[in-house]
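What follows is each chain in one-letter form.
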Amino acid sequence: MNAANVDQAELAKFSSLAHRWWDIDGEFAPLHQINPLRLDWIDGIRPLEGTRVLDVGCGGGILADAMARKGAEVLGIDLADKSLRVAQLHALESQTPRVAYRHVAAEALAEEMPGQFDAVTCMEMLEHVPDPASIVQACATLAKPGGWVFFSTINRSPKSFLMAIVGAEYALNLVPRGTHEYARLIRPSELAQFCRAAGLDLEHSRGLTYNPLSRRYRLSADTGVNYMIAARKAER
Ligand code: SAH
């Protein structure tokens, strides 16, 4: 296990904004905007009702909460205490059923609960850790044989530099400056390789495209900036 697979400066960035997780017009507005899109995409591939799901790097629980409301039993994990407290409080206040949160590293949980989840989601998180391949491996270990693993992240390309960093952080102020570091962004081919190395078969991919005029995200075939992938763990 890689116990040190965390960048404290990255955690601090999210912790300092933890009180803002559920402000739909705040710093996390893009996550609130993409949430119904990613939720429906996941639910269309692996219907969530009645499943056991793990959300890795859950933050304030935007996706975890929504998956629980779709009928899944959800565990959200993160390494930022403040965010976990916000997630828990939100679940209490809005009486979300079947959702729990824990402070534990993906790699540690993989040793504790291997093969226990029908689906594992890990969204907008891989680009914030020193060793994303280790997280992908842990997610694969945590999934049941035949289970699904979903990732979303940002491509590393001239276009993503322009859109996700210059555009989103500087021109449009969609997210705080310094949210994403270019060198940490992950190409789809790299993520696919991490998946193959972890015994996951890539089944689907989808772009999440932002239109600055309508100020809306939509699913698209363009994985040039934000994208998601769905991979499946081999049956035993
Ligand atoms: N997945 C959520 C939040 C994305 S923001 C969503 O899409 O709505 C990125 C999250 O990753 C933050 O909550 C941050 O605390 C978390 N994170 C960063 N490094 C981590 C690590 N090594 N282990 C677990 N979580 C981590």
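Presented here is a report on the structure given in the accompanying data block.

## Quick word on the overall build of the protein
Helix and strand counts for the protein come out as eight helices and eight strands. A compact globule built from 236 residues would reach a C-alpha radius of gyration of about 18 Å, and the protein, at 16 Å, matches this within 12%. If one aligns the C-alpha atoms of the protein with their principal axes, the spans along those axes are about 45 × 40 × 35 Å. Counting all 236 residues of the protein, 53% fall into the buried class. At a minimum sequence separation of 6, the contacts of the protein that also span at least 24 residues come to 72%. Counting every atom, the protein has about 10,700 Å² of accessible surface; 52% of that belongs to carbon and sulfur. Charged side chains of the protein number 25 positive and 28 negative; the gap between the two group centres comes to 3 Å.

## Quick word on the sheet that holds strand 3 (residues 99-103)
Taken in spatial order, the eight strands line up as 3-2-1-4-5-8-6-7 in an open sheet, and their pairing is mixed. The two strands at the open ends of the sheet, each matched to only one other strand, are strand 3 and strand 7 (216-220). Across the sheet, the mean angle from the axis of one strand to that of its neighbour is 20°, orientation sign disregarded. Judged from the three bridges that link them, strand 1 (residues 52-56) and strand 4 (residues 117-123) form a sheet pairing that is parallel.

## Overview of helix 2 (residues 29-45)
Note on helix geometry: an α-helix contains 3.6 residues per turn, so any two residues three or four positions apart are oriented the same way. If you check helix 2, its first and last C-alpha atoms are 25 Å apart, about what 17 residues at 1.5 Å a residue would give, namely 24 Å. At Asn35, helix 2 shows its strongest bend, of approximately 40°, with the proline Pro36 following within four residues. Most of helix 2 is tucked away: twelve of the 17 residues are buried. Taken together, the buried positions of helix 2 are occupied by Ala29, Pro30, Leu31, His32, Ile34, Asn35, Arg38, Leu39, Trp41, Ile42, Asp43 and Ile45.

## Some thoughts on the packing of aromatic side chains
Counted according to the given criterion, the structure contains seven aromatic pairs. Ring plane angle 15° and centroid distance 6.4 Å describe the contact between Phe14 and Phe28, whose orientation is recorded as stacked. On the criterion of sequence distance, the pair formed by Phe14 in helix 1 (residues 8-16) and Phe28 in the loop between helix 1 and helix 2 is long-range, its members being 14 residues apart. The structure contains a cluster of three or more aromatic residues connected by ring pairs, namely Phe14, Trp21 and Phe28. Its guanidinium or amino end placed over the ring of Phe117, Arg52 lies 5.3 Å from that ring's centre, counting from NZ or CZ.

## A short note on the side chain of Ser83
Inspection of the secondary structure assignment puts Ser83 in helix 4 (residues 81-93). What makes Ser83 buried here is its relative accessible area of 1%. Residues in contact with Ser83, not counting those within four places in the same chain, are Phe14, Ala18, Trp21, Gly59 and Gly60.

## Comments concerning unusual backbone geometry
Apart from glycine, the bulk of residues carry a negative phi angle, and the bulk of peptide bonds sit in the trans form. For Arg98, which is not glycine, the phi dihedral falls at a positive 60°. Within the element layout of this structure, Arg98 appears in the loop between helix 4 and strand 3. For Arg98, a relative accessible area of 42% corresponds to the partly exposed category.

## Quick look at helix 8 (residues 188-197)
Three or more residues of helix 8 are buried, namely Leu191, Ala192 and Cys195. The arc that holds every buried residue of helix 8, seen down its axis, measures 100°, which confines them to one face. Exposed and facing more than 90 degrees away from the buried side of helix 8 are Gln193, Arg196 and Ala197. The inward-facing, buried residues of helix 8 abut helix 6 (132-142), strand 5 (143-154), strand 6 (200-211) and strand 8 (226-233). Phi turns positive one or two residues past the end of helix 8, at Gly199, with a value near 80°.

## Overview of the state of the cysteines
Evaluation of the coordinates by the stated rule reveals zero disulfides. Left without a disulfide partner, Cys195 is nearest to the cysteine sulfur of Cys139, which lies 9.1 Å away.

## Some points on the nonpolar core
Counting residues in each nonpolar core, the largest one holds 35 residues, and the members touching the most others are Val74, Tyr101 and Phe150. Residue assignment for this core shows that the elements contributing at least two residues are helix 2, helix 3 (62-69), helix 4, strand 3, strand 4, strand 5, strand 6 and strand 8.

## Some points on the environment of Val120
With respect to the helices and strands, Val120 occurs in strand 4. Separated by 28 residues in the primary sequence, Val120 and Trp148 have C-alpha atoms spaced 6.4 Å apart. Look past the residues within four positions of Val120 in its chain and what remains in contact with it is Leu54, Val56, Cys139, Leu142, Ala143, Trp148, Val149 and Phe150.

Cut-off values and rules
- Residues numbered from 1 in each chain as written.
- Predicted model: local features only at pLDDT ≥ 70, side-chain atom pairs only at ≥ 80, totals over all residues.
- Heavy atoms only, no water.
- Helix = DSSP H or I, 4+ residues; strand = E, 2+ residues; numbered from the N terminus.
- Rg over C-alpha atoms; globule rule 2.2 N^0.38 Å.
- Buried < 20%, exposed > 50% of the residue type's maximum accessible area, 1.4 Å probe, protein only.
- Contact = heavy atoms within 4.5 Å.
- Areas by Shrake-Rupley, 256 points an atom, 1.4 Å probe, with all protein chains shown as cover.
- Lys, Arg positive; Asp, Glu negative; His and termini not counted.
- Charge placed at Lys NZ, Arg CZ, Asp CG, Glu CD.
- Pairing = 2+ DSSP bridges.
- Axes fitted to C-alpha atoms, helices over the stretch in contact; angles between N-to-C directions.
- Expected span 1.5 Å × (residues − 1).
- Bend = angle between axes of the 7 residues up to and from the residue.
- Phe/Tyr/Trp six-rings, centres within 6.5 Å; stacked < 30°, edge-to-face > 60°.
- Lys NZ or Arg CZ within 6 Å of the ring centre and 35° of its normal.
- Arc of directions from axis to C-beta.
- Disulfide = S-S within 2.5 Å.
- Core = buried A, V, L, I, M, F, W, Y, C linked by side-chain atoms within 4.5 Å.

These results come straight from atomic positions and should not be treated as a statement about function.
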